[in-house]
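Chain residues, written in single-letter form:
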Amino acid sequence: MEIILVDSGSQDTAYIDQLPEDKNLTVYKTDNVGFSRANNIGYQQVKTKANYVLFLNPDAFIRDAMALVEIINFMERQENKTIGCITGRLVGFENDSGKSTGYIDSAGIFRKWFGRWYDRGHAQKDMGQYMHVEDIPAVCGAFMFCRKSTLEQVALQPGIIFDPDFFLYKEDIELSLRIRNALWRIVYLPDIIIYHCRGWQARSQIPHRLRLTAAENEILLYRKHPSPYILWAFFKYFLVRYLRA
């Protein structure tokens, strides 16, 4: 396994200096170039012989590392050769206590009838719901396990997997749409548990500027993938921009 760590403009990189030397670990430091560009930088360091690539947020970690082997074995089955991307069951996690919150973070990304994208199950008490393997419309960028040949096919240009027009938010949905438009499947495996902290600090309300960025990117998403749902995106932007909803 090869690990590529991209630090995108952290003010304090001491945590990187504390990492043990490992021939399988590559560290790349850059300015704050945004989520999409940072992931692209990491992807460009991947050796050409790799068959699979995992995009993993720094605030997310896998409960059992052997889950990666399970995913690979699942994708290697002949009947699953059309699967381009897999995600698992994202569960909330508290840094302070070092324990799971007991609430679902994301069981795949879905779209409402009027066009709003949402993380299925988000903030719901984990009672064992959403426990069947299924194809889903999109996947949260915190954990995207992808077939490399799929990424090469849907790349905007060689080495550019995530659309750099998205600095933050909705870039995972945009990539998911390209994957599905290329007739690859995206599959949710509920037995693969990923803890997601949603940031390194204590939770607080999302600043207005970030909510506005998310609303702007929803409009951008529907401009790149034309749909009547763009009406919802403009309505959401109005609510966030002028009513600070």
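For the structure, check the block above.
What counts as what
Residues numbered from 1 in each chain as written. Predicted model: local features only at pLDDT ≥ 70, side-chain atom pairs only at ≥ 80, totals over all residues. Heavy atoms only, no water. Helix = DSSP H or I, 4+ residues; strand = E, 2+ residues; numbered from the N terminus. Rg over C-alpha atoms; globule rule 2.2 N^0.38 Å. Buried < 20%, exposed > 50% of the residue type's maximum accessible area, 1.4 Å probe, protein only. Areas by Shrake-Rupley, 256 points an atom, 1.4 Å probe, with all protein chains shown as cover. Lys, Arg positive; Asp, Glu negative; His and termini not counted. Charge placed at Lys NZ, Arg CZ, Asp CG, Glu CD. Axes fitted to C-alpha atoms, helices over the stretch in contact; angles between N-to-C directions. Parallel < 35°, antiparallel > 145°, perpendicular 65-115°, else oblique. Left-handed = near helix turned anticlockwise from the far one by under 90°. Contact = heavy atoms within 4.5 Å. Pairing = 2+ DSSP bridges. Phe/Tyr/Trp six-rings, centres within 6.5 Å; stacked < 30°, edge-to-face > 60°. Polar contact = N/O pair within 3.5 Å; in protein donor to acceptor, adjacent residues only side chain to side chain. Salt bridge = Lys/Arg side-chain N within 4 Å of Asp/Glu carboxyl O.

Student: Help me understand the overall build of the chain, please; the structure alone is not making it clear to me.
Tutor: The number of helices and strands found in the chain is seven helices and eleven strands. For 245 residues, the compact-globule estimate of 2.2 N^0.38 gives 18 Å, and the chain sits close to it at 18 Å. Taking the principal axes of its C-alpha atoms as reference, the chain extends roughly 50 × 45 × 40 Å. By the burial criterion, 46% of the 245 residues in the chain qualify as buried. Counting only carbon and sulfur atoms, one obtains 53% of the accessible surface of the chain, whose full area is about 13600 Å². Within the chain, the 28 negative side-chain charges are centred at a point lying 6 Å from the centre of the 30 positive side-chain charges.

Student: What is the right way to read the packing of helix 6 (residues 208-224) against helix 7 (residues 230-242) from this model?
Tutor: If you want to describe how two helices pack, look at the angle between their axes and the distance between the axes. Where helix 6 contacts helix 7, the two axes come as close as 9 Å, and the packing angle between them is 165 degrees. When the axes of helix 6 and helix 7 are compared, the pair comes out roughly antiparallel. Of the two elements, helix 6 crosses helix 7, and the hand of that crossing is left-handed. Contact residues: helix 6 offers H208, R211, L212, A215, E216, E218, I219, Y222 and R223, while helix 7 offers I230, W232, A233, F234, K236, Y237, V240 and R241.

Student: Would you take a moment to explain the pairing of strand 5 (residues 83-94) for this structure?
Tutor: Side chains on a regular strand alternate between the two faces of the sheet. Counting buried residues along strand 5, eleven of its twelve residues qualify, which places the element largely inside the surrounding structure. Pairing of strand 5 with strand 10 (residues 143-147) involves two bridges; the strand directions are antiparallel. Paired with I86 across the two strands is F145, which belongs to strand 10. In this sheet, strand 6 (residues 99-106) lies alongside strand 5 in antiparallel orientation, the contact comprising four bridges. Looking across to strand 6, one finds that F93 is bridged to S100. Taking the residues between adjacent antiparallel strands as the criterion, strand 5 and strand 6 are bridged by four residues, where G98 takes a positive phi near 70 degrees.

Student: Where do I start with helix 5 (residues 171-181) in this structure?
Tutor: Working note: α-helix, 3.6 residues per turn, so residues spaced by three or four point in the same direction. Counting buried residues along helix 5, nine of its eleven residues qualify, which places the element largely inside the surrounding structure. Backbone geometry just after helix 5 places L183 at a positive phi near 70 degrees.

Student: Before we go on, may I ask you to explain the packing of aromatic side chains in this structure?
Tutor: Each aromatic ring pair is specified by the distance between its two centres and by the angle formed by the two planes. Under the counting rule described, the total for this entry stands at 13 aromatic pairs. Between F93 and Y195, the ring centres sit 5.1 Å apart and the planes meet at 45 degrees, which makes this aromatic pair tilted. Highlighted residues: F93 in strand 5 and Y195 in strand 11 (residues 185-196), separated in sequence by 102 residues. On the accessibility criterion, F93 (13% relative accessible area) is buried. Residue Y195 is classed as buried on the basis of its relative accessible area of 15%. Through a chain of ring-to-ring contacts, the aromatic side chains of F35, Y43, F55 and F162 assemble into a single cluster.

Student: Honestly, the environment of N217 in this entry has me stumped. Any pointers?
Tutor: The topology assignment puts N217 in helix 6. Considering only alpha carbons, one finds N217 and E174, 43 residues apart in sequence, at a separation of 9.9 Å. The contacts of N217, once residues within four sequence positions are left out, are F166, F167, L168, Y169 and K170. Polar side-chain contacts of N217 include one of 2.6 Å to the backbone oxygen of L168.

Student: What is the right way to look at the pattern of salt bridges in this model?
Tutor: Side-chain pairs of opposite charge can arise where the charged atoms are in close proximity. Using the criterion set out here, one finds 14 salt bridges in the structure. In this structure, E2 engages K47 in a salt bridge whose closest nitrogen and oxygen atoms are separated by 3.3 Å. Here the residue E2 occupies a position in the segment before strand 1 (3-8), and K47 occupies one in the loop between helix 2 (35-44) and strand 3 (52-56), the gap between them amounting to 45 residues. Where D126 meets R89, a salt bridge forms, and the shortest distance between an N and an O atom there is 2.6 Å. With D126 in the loop between strand 8 (117-119) and strand 9 (134-135) and R89 in strand 5, this residue pair connects regions lying 37 residues apart in the sequence. Judged by relative accessible area, R89 falls into the buried class, the value being 2%.

Honestly, that's just the spatial picture; any functional story needs more than this.
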